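# Structural overview for review
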Amino acid sequence: MSTASQVATHVPPADPAHPSVGAATSLLDAYTPGDTFLATPGRTLLARGPGREVPHDERPLTDRVDATLAEAVAAGQESPVVIGAIQFDHTAPAALHVPASVRTAPPLASDPLIALPAGPSATTDWQIRPVPAPEVYGEGVAAAVARMWRGEFSKVVLARTLELTSGAPLDLPAMLQRLARRDPSGYTFALPTGPARTLIGASPELLVSRHGNQVVANPLAGSTPRSDDLAEDVRRAATLLESVKDLHEHAVVVDAVHQALAPHCTGMTVPARPTLIRTATMWHLSTTVTGTLSSTGTSALDLAMALHPTPAVCGTPTQTARQIITETEPFDRGFFTGVVGWGNADGDGEWVVTIRCAEAEERTLRLYAGAGIVAASEPEAETAETGAKFRTFLSAVGAEL
């Protein structure tokens with residue numbers, strides 16, 4: 001059975017005889033609001049202080065990023081990286097910058113100290129408001145299913161949010177600790193997206209990585225909540241692997257990833273059947289797609305933009321699904337279901353699908369969760385799935401629905 005760390009990195013596993021004690025967790029401990037923290041199965045990064053912001057103008061995003069990295073190189077900066085987040089609507093302003101310096105360490109999962117428990121969440125009397133209400137979300141799912149049966153489109157991903165308001169200032173470092181220590185093999189991030197605004201989360205899904213001429217994508221689609229009962233948890237995992245509805249949903253996403261990457265690769269490997277990965281709250285169908293680049297002039301970010309948005313976060317056909325999302329969701333997704341990650345001037349990088357996340361501002365958190373809707377979807381089941389996905393973040397802040 002695969003884990004997220006096994007499918008998402010080319011970095012060799014840590015030598016258990018020589019563990020990197022404290023290197024990664026020291027960066028986690030050093031995080032303060034305003035910093036940029038990113039932990040992947042390949043590395044841990046902490047950026048602090050002023051840097052070069054990637055401008056927002058009429059040029060393609062990849063051109064703007066390349067120019068900003070080139071400016072840093074020309075100014076004598078050694079090994080600059082771009083780091084940050086891109087919105088679901090990739091034409092909207094991104095939150096990307098090239099920091100003057102970045103501290104790096106091995107993966108969190110290789111640091112023995114990550115096994116130490118995070119401190120308890122602060123006692124907070126959270127006020128929770130769902131947007132939309134669960135029954136309204138279910139009505140949106142039913143309406144989308146009806147349109148699919150009429151042949152208008154084949155899949156759409158519909159999301160809902162929870163707005164959490166605290167009587168005290170948010171403790172972002174404590175939230176980040178709990179997210180990172182609960183799933184240290186995933187992708188944990190916290191980064192500024194505006195004045196006093198932070199995008200924070202723990203995603204299980206690699207969109208694409210590039211290391212030299214090697215490319216890896218790890219699409220996830222088809223999910224089921226985990227159970228605290230071991231026998232029931234195993235039964236749910238086995239059922240997911242045989243679910244006709246979920247296997248179809250997954251195949252659509254894998255095919256889209258294959259088609260998007262194929263023009264950039266001389267050879268690709270796409271397994272015929274998915275495996276499973278697990279987080280603390282969910283089982284996901286997972287396929288690891290690998291390829292060899294035909295040109296090293298194609299960066300990891302170029303590949304990410306060729307892939308984004310996949311049917312796993314939008315639907316298919318893409319333009320129709322976008323329209324359904326706009327008509328159905330009573331909020332702007334912003335950075336949710338966008339892309340978060342890093343890249344360097346050589347074109348290497350790791351870009352992750354921005355899910356299991358929240359946007360934090362002063363005393364308010366907005367949590368996001370979505371579900372892939374296909375013709376066989378049932379409103380109650382999809383509402384329950386989004387509720388299970390909220391648990392990743394709710395547990396990090398000590399809140400319950």
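Everything below is about the structure shown above.
A brief structural summary. (Residues numbered from 1 in each chain as written. Predicted model: local features only at pLDDT ≥ 70, side-chain atom pairs only at ≥ 80, totals over all residues. Heavy atoms only, no water.)

Bringing the packing of helix α7 (residues 244–261) against helix α8 (residues 300–307) into the picture now. Two elements in contact, α7 and α8, have axes separated by 9 Å at closest approach and are oriented at 130°. Between α7 and α8, the crossing angle belongs to the class labelled oblique. α7 and α8 meet at a crossing whose hand is right-handed. On the side of α7, the interface is formed by Val 257, Ala 260 and Leu 261, while α8 contributes Leu 303, Ala 306 and Leu 307. (Axes fitted to C-alpha atoms, helices over the stretch in contact; angles between N-to-C directions. Helix = DSSP H or I, 4+ residues; strand = E, 2+ residues; numbered from the N terminus. Parallel < 35°, antiparallel > 145°, perpendicular 65-115°, else oblique. Left-handed = near helix turned anticlockwise from the far one by under 90°. Contact = heavy atoms within 4.5 Å.)

Note the cis peptide between His 308 and Pro 309, where omega equals -5°. Looking at where Pro 309 falls in the secondary structure, it is placed in the loop between α8 and β18 (315–316). Note the cis peptide between Thr 316 and Pro 317, where omega equals -5°. You can see Pro 317 is positioned in the loop between β18 and α9 (318–328). The backbone of Ala 196 sits at a positive phi, close to 60°, despite the residue not being glycine. Mapped onto the fold, Ala 196 is located in the loop between β9 (187–194) and β10 (197–203).

A grouping of Val 21, Leu 113 and Leu 116 is seen on the molecular surface, where their side chains present a nonpolar patch of about 260 Å² in accessible area. Along the chain, Leu 116 falls in the loop between β6 (102–105) and β7 (127–131). (Patch = residues over 30% accessible without salt bridge, like charges linked within 9 Å, V, L, I, M, F, W, Y side chains within 5 Å. Areas by Shrake-Rupley, 256 points an atom, 1.4 Å probe, with all protein chains shown as cover. Salt bridge = Lys/Arg side-chain N within 4 Å of Asp/Glu carboxyl O.)

Our focus in this paragraph is the side chain of Lys 155. Within the fold, Lys 155 resides in strand β8 (residues 155–165). For Lys 155, a relative accessible area of 2% translates into the label buried. Within the structure, the side chain of Lys 155 is placed 3.4 Å from the side chain of Glu 249, a separation counted as a polar contact. Those residues within four positions of Lys 155 in sequence are excluded, and the remaining contacts are Met 148, Ala 221, Glu 249, Val 253, Pro 311, Ala 312, Gly 315, Thr 316, Ala 321, Gly 372, Ile 373 and Val 374. (Buried < 20%, exposed > 50% of the residue type's maximum accessible area, 1.4 Å probe, protein only. Polar contact = N/O pair within 3.5 Å; in protein donor to acceptor, adjacent residues only side chain to side chain.)

Okay, helix α10 (residues 379–397) next. In an α-helix, one turn spans 3.6 residues; hence positions three or four apart end up facing the same way. Spanning 19 residues, α10 covers 27 Å between terminal C-alpha atoms, matching the ideal 27 Å at 1.5 Å per step. The largest bend in α10 comes to about 35°, at Arg 391. (Expected span 1.5 Å × (residues − 1). Bend = angle between axes of the 7 residues up to and from the residue.)

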